[in-house]
Amino acid sequence: MGSSKKHRGEKEAAAGAGAGAAGSSGPGTAEQAPRHREHKKHKHRSGGGGSGSGGGGAGERRKRSRERGAERGSSRRGGETEARNGSAHGRERSQVEPVERRVKREKRDDGYEAATSSKASSGDASSLSIEETNKLRAKLGLKPLEVTAVKKEAAGTKEEPVLADVINPMALRQREELREKLAAAKEKRLLNQKLGKIKTLGDDDPWLDDTAAWIEKSRRLQKEKDLAEKRAKLLEEMDQEFGVSSLVEEEFGQRQKDQYSARDLQGLTVEHTIDSFREGETMILTLKDKGVLQEEEDVLVNVNLLDKERAEKNVELRKKKPDYRPYAEDESVDDMFKPRSILAKYDEELEGERPHSFRLDRGGTADGARERELEEIRANLRQQAQSLTMAGPRLASEYLTPQEMVTFKKTKRRVRKIRKKEKEVVVRADDLLPLGNKTSEGDFGSRLRGRGRRRVPEAEEEREAPSQLPQSDDTRVENMDISDDEEGGAQGPGSPETLEEDQVEAELQKQLEKGRRLRQLQQLRDSGEKVIEIVKKLETRRSREEDEDPERKGAIVFNATSEFCRTLGEIPTYGLAGNREDQEELMDFERDEERSANGGSESDGEENIGWSAVNLDEEKQQQHFSASSTTILDEEPIVNRGLAAALLLCQNKGLLETTVQKVARVKAPNKSLPSAVYCIEDKMAIDDKYSRREEYRGFTQDFKEKDGYKPDVKIEYVDETGRKLTPKEAFRQLSHRFHGKGSGKMKTERRMKKLDEEALLKKMSSSDTPLGTVALLQEKQKAQKTPYIVLSGSGKSMNANTITK
Amino acid sequence: MIEVVCNDRLGKKVRVKCNPDDSIGDLKKLIAAQTGTRWHKIVLKKWYTVFKDHVTLGDYEIHDGMNLELYYQ
């Protein structure tokens, strides 16, 4: 804001003045311009002045702001003339007619002119007068200013501070006291007025002492009553005339009904149990406290009861009952309809207390009939309840009690015999005859036999212990057999070879059947029972077999099936299923009956097959052995046998360079072969656009002319010397190249050593000692011309030079 | 009635007469009428306190003769 602004301000001011002159509304606008310029000269801050002049300038300003463009030219022109004029009468104070508002300002500042210009220059603030402001406010829709002009004027402004009035504290206090006194007096007056109406005890009624006055009073009262009655009657008649009587009655009747009675207590809850109310006892119930904003319904309580309940609860809490009883079983039948919840002890805390309560029904009564009924039901249930606790576990006695003994049935031993294969069973027709009779009687129903089997039940069950099997045919037959054996045992091992074919066949069939049936039976029986039986049988058999052992050892059994199977030859897949681990054990009869029974007839064939299989195995082993028994060193081909042998020898020794391969063989380069067998594919190179274009994405087919081409691919790896590499070495080479580093010092030295040793080995003379002793020998022989050498003398003398005589 | 001075430090300085119970919005309208801008373009501030339109001058404790900073948005 330099001087330029000032000038502009001046110009504007002049313009403003001119415009003001053009459309002058205020009285002293012409003077305002020179005043303004004067003000400028004096360099007064125009803060206060601006506001004072606001009233005058507002209108012009508004007009000017709207018509600025148009009027500027003219106003400026006008302003200039004015300015010239203004300077002339600028000094004329008398011409100045201050507006009332500006009186004080004039006094303060002679040369001070309120600015009419709207454009505020640096120190200039435009302002509107109150009227103008009010007009503006009315236009904007605001209420007019609250004028407290005096106060404002008195206070002054920041720029022109006015001496504030002296605050006299004493005076202030006195004023306050006065006010208080006045207020008190007023109140007193009012009170007295009010109280004055009330009759005090001191004032006696006139009629108390004076009977005449009393009589008069009573008469008066009576009269008034009569009058009132008459009036009421009149009113009623009037009502009836108008038909309003019913309404009136209703209205009055309502008031009667509104009287509160027991009926109105219907539905209220009482927050105690019904049991706490005893017959013949009156208890006063009051409304329970509740929050002001709570909209819940009212609850009636008795204060004493409440206290009692609280005390009881505290006592319970203090008793320190265990919180958590994990194994507490809900044995009470009472709460059959209360669901058991987890961590019930927290329910009160979380959900809040839920006190017992009951509702009053019609007529405000409540009876405990329902509760009593529930109680009765509960009592009944409790009586009927059965305890779920079972009898506690007691020590089992080791000995059977007499009661158990009664039910205990001795199990009949199942006498079973394993079929002895060596033992010849001479079955004659005669033997079968009695057996036939028996079997016809017997029960063939496998269902009964089979499924009727159950495990040996407990003593309580009344079933015959099925451990006693009905004698099966097999067992009976076997028994027969055994008895036969015992009798025919004396016949000795001589007779086995005299078996006849057809008898053997029948026996085979029988054995198969038996095996099948036995298998069925045994599957249904309990394993424990089986074990017991088996153990028993074993014992019996062992005792019996001890006698028969010597007899058995010498026997060899031939039967048609075994011979046939032997001659069949080996079945290639036979025995490979892996179930034949107990082939050898079949020979040993101190085995479970199961296996033998199952093996039944097959065992005969099996063992023979096994026998033959064993043979084959042996043969196979022999073959293997023969294959693997190659000597490390080949038989040295004798050189004088022929050229072929010589060539072979040379080849083996590596003296020959085998160049049988194609001509285009790669000569071993000095450095290791660069990626002959692998390449590191750079997949990133595929991505650039232009190379992509070149690649062929179409359908490819094999070449027709190369249909029969089946190359014999043989991948050979060579090292730097041209030696063929073993797969291990080839891989080592590959990995060295891949990782970019080879072996360390030690490793390479070892490798070199090994290579040298190999080379040496190849160079080694196979027909001579490393020192070439034979060659020396031959030389000596040539020299001596004798086919022998005389070994004598010290070593020193034995060299080629000394050999020659 | 109080008089409030609004200065935008660019040459515009106005003194506006208003009531203490006028809102800032009304004050802005008055200022706009005097300065020739639009009232909703005016932002009245005091340091970093922006005076909101819906609050009255009395609530802002704007007394007579206070200076407000006039900005534009």
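Residues numbered from 1 in each chain as written. Chains lettered and ligands numbered in written order. Predicted model: local features only at pLDDT ≥ 70, side-chain atom pairs only at ≥ 80, totals over all residues. Heavy atoms only, no water.

Participant: Lay out the overall build of chain B in plain terms, naming residues and giving numbers.
Facilitator: The number of helices and strands found in chain B is two helices and five strands. Traced from its N-terminal end to its C-terminal end, chain B shows the element sequence β-β-α-β-β-α-β. Taken across its 73 residues, chain B has 51% of its residues classed as buried. In the form shown here, chain B has an accessible surface area of approximately 3500 Å², with 53% of it arising from carbon and sulfur atoms. (Helix = DSSP H or I, 4+ residues; strand = E, 2+ residues; numbered from the N terminus. Buried < 20%, exposed > 50% of the residue type's maximum accessible area, 1.4 Å probe, protein only. Areas by Shrake-Rupley, 256 points an atom, 1.4 Å probe, with all protein chains shown as cover.)

Participant: Hey, could you go over the overall build of chain A for me, with residue numbers and the actual values?
Facilitator: Regarding its fold elements, chain A presents 30 helices and five strands. A burial count over chain A gives 22% of its 805 residues as buried. For chain A, restricting intrachain contacts to residue pairs at least 6 apart in sequence, the fraction spanning at least 24 positions comes to 71%. (Contact = heavy atoms within 4.5 Å.)

Participant: Let's hear about the packing of helix α6 (residues 130–140) of chain A against helix α1 (residues 24–35) of chain B: which residues, and what values?
Facilitator: Interhelical geometry of α6(A) versus α1(B) gives an angle of 115 degrees and a closest axis separation of 11 Å. Seen along the crossing, α6(A) lies across α1(B) with a hand that is right-handed. Contacts between α6(A) and α1(B) involve A:Leu136, A:Arg137 and A:Leu140 from the first element and B:Lys29, B:Leu30 and B:Ala33 from the second. In terms of residue class, the contact of α6(A) with α1(B) is built from four nonpolar, no polar and two charged. (Axes fitted to C-alpha atoms, helices over the stretch in contact; angles between N-to-C directions. Left-handed = near helix turned anticlockwise from the far one by under 90°. Nonpolar A, V, L, I, M, F, W, Y, C, P; charged D, E, K, R; others polar.)

Participant: Explain the sheet that holds strand β3 (residues 42–46) of chain B residue by residue, including any values.
Facilitator: Read across the sheet, six strands follow the order β1(A)-β2(B)-β1(B)-β5(B)-β3(B)-β4(B) without closing on themselves; strand pairing throughout is mixed. Two strands bound the open sheet, and with one partner strand each, they are β1 (126–127) of chain A together with β4 (49–50) of chain B. Bridge count for strand β1 (residues 2–7) of chain B against strand β2 (residues 13–18) of chain B is six bridges, and the pairing is antiparallel. Among the inter-strand pairings, B:Val5 is bridged to a residue of β2(B), identified as B:Arg15. Across the face of the sheet, α1(B) comes into contact with β1 of chain A together with β1, β2, β3 and β5 (67–72) of chain B while running at roughly 130 degrees to β2(B). (Pairing = 2+ DSSP bridges.)

Participant: With reference to specific residues and values, describe helix α25 (residues 643–653) of chain A.
Facilitator: Residues and elements named next belong to chain A. For α25, the complete set of buried residues consists of Ala645, Ala646, Leu649 and Lys653. Along the axis of α25, the buried residues cluster in a sector spanning 100 degrees; they form a single face. Within α25, the exposed residues directed more than 90 degrees away from the buried face are Leu643 and Ala644. Along its buried surface, α25 packs onto α28 (745–763). Following α25 by one or two positions, Gly654 has its phi on the positive side, about 85 degrees. (Arc of directions from axis to C-beta.)

Participant: Explain a negative patch on the surface residue by residue, including any values.
Facilitator: Residues and elements named next belong to chain A. A contiguous patch of negative charge, built from Glu236, Glu237, Glu241, Glu249 and Glu250, is present on the exposed surface. Looking at the negative patch, the elements with two or more residues in it are α10 (211–242) and α11 (245–257). Checked against the element boundaries, Glu249 lands in helix α11. (Patch = residues over 30% accessible without salt bridge, like charges linked within 9 Å, V, L, I, M, F, W, Y side chains within 5 Å. Salt bridge = Lys/Arg side-chain N within 4 Å of Asp/Glu carboxyl O. Lys, Arg positive; Asp, Glu negative; His and termini not counted. Charge placed at Lys NZ, Arg CZ, Asp CG, Glu CD.)

Participant: Would you mind going over the nonpolar core in detail, with residue names and values included?
Facilitator: Generally speaking, nonpolar side chains in soluble globular proteins are found buried as a group. All names here are of chain B. Counting residues in hydrophobic clusters, the biggest one holds 20 residues, and the most contacted among them are Leu27, Ile31, Leu44 and Leu68. For this core, the secondary-structure elements that each account for two or more residues are β1, β2, α1, β3 and β5. Here this core gets five residues from one element, more than from any other, and that element is α1. Ile31 has contacts with Cys6, Val14, Val16, Gly36, Ile42, Leu44 and Leu70, leaving out every residue within four places of it along the chain. (Core = buried A, V, L, I, M, F, W, Y, C linked by side-chain atoms within 4.5 Å.)

Participant: So what about the pattern of salt bridges? Which residues, and what values?
Facilitator: Pairing between side chains becomes possible if they bear opposite charge and their charged atoms approach one another. Counting across every chain of the model gives 20 salt bridges over all chains. The closest approach of N and O atoms between B:Glu3 and B:Lys17, which form a salt bridge, is 3.5 Å. With B:Glu3 in strand β1 and B:Lys17 in strand β2, this pair connects stretches of sequence that are 14 residues apart. Neither B:Glu3 nor B:Lys17 differs from the other in exposure class; each is buried. Shared partners join several salt bridges into a network, and the residues in it are A:Asp719, A:Arg723, A:Glu729 and A:Glu758.

Participant: Describe the sheet that holds strand β3 (residues 286–287) of chain A, and please don't skip the residues or the numbers.
Facilitator: Residue and element names in this part refer to chain A. If you trace the four strands from one edge of the open sheet to the other, you get β3-β4-β2-β5, paired in mixed fashion. What marks the edges here is a single partner per strand, and that holds for β3 and β5 (358–359). Of the pairings in the sheet, the one linking strand β2 (residues 269–270) to β5 comprises two bridges and is antiparallel in character. Residue pairing in the sheet places Thr269 in a bridge with Arg359 of β5.

Participant: Please provide a residue-by-residue account of the environment of A:Ala262, values included.
Facilitator: Residues and elements named next belong to chain A. Take Ala262: it is sitting in the loop between α11 and β2. The spatial distance from the C-alpha of Ala262 to the C-alpha of Arg362 is 8.8 Å, given a sequence separation of 100 residues. Sequence-distant contacts of Ala262, defined by excluding residues within four places in its chain, comprise Gly363 and Gly364.

Participant: Can you break down the pairing of β5(B) residue by residue, with the values?
Facilitator: Residue and element names in this part refer to chain B. Bridge analysis of β1 against β5 gives three bridges, and the strand direction is parallel. Directly across from Cys6, in β5, lies its bridge partner Leu68. Strand direction decides the pairing type here: β3 and β5, joined by four bridges, are antiparallel. Bridging from a neighbouring strand, Lys45 pairs with Glu69 of β5.

Participant: Tell me about a nonpolar patch on the surface, and please be specific about residues and values.
Facilitator: A contiguous nonpolar surface patch, about 480 Å² in accessible area, is contributed by A:Ile342, A:Leu343, A:Tyr346 and A:Leu350. Mapped onto the elements of the fold, A:Ile342 is located in the loop between α12 (303–318) and α13 (347–351).

Participant: Go over the packing of aromatic side chains, please, and point to the residues and values.
Facilitator: Residues and elements named next belong to chain B. By the definition in use, this model includes three aromatic pairs over all chains. An angle of 45 degrees between the planes, with centres 4.9 Å apart, marks the rings of Trp47 and Tyr48 as tilted. When the ring of Phe51 is compared with that of Tyr60, the centres are 4.6 Å apart and the planes differ by 65 degrees; the resulting orientation is edge-to-face. Under the relative-accessibility criterion, Phe51 is labelled buried at 6%. Against the face of Trp39 rests Lys29, its NZ or CZ located 5.0 Å from the ring centre. (Phe/Tyr/Trp six-rings, centres within 6.5 Å; stacked < 30°, edge-to-face > 60°. Lys NZ or Arg CZ within 6 Å of the ring centre and 35° of its normal.)

Participant: Which residues make up the confidence of the model for chain A, and what values go with them?
Facilitator: As a general rule, the predicted coordinates of low-pLDDT regions are not to be interpreted in detail. Per-residue confidence for chain A gives a mean pLDDT of 69; residues scoring 70 or more make up 53%. Here residues 12–39 of chain A scores under 50 on pLDDT; set against residues more than four positions off or in separate chains, the count is 59 contacts. (pLDDT = per-residue confidence, 0-100.)

Participant: Explain the side chain of A:Arg137 residue by residue, including any values.
Facilitator: As for its placement among the helices and strands, A:Arg137 is situated in helix α6. Other than its neighbours up to four places away in sequence, A:Arg137 contacts A:Leu142, A:Lys143, A:Pro144, A:Leu145, B:Lys17, B:Cys18, B:Asn19, B:Asp22 and B:Leu30.

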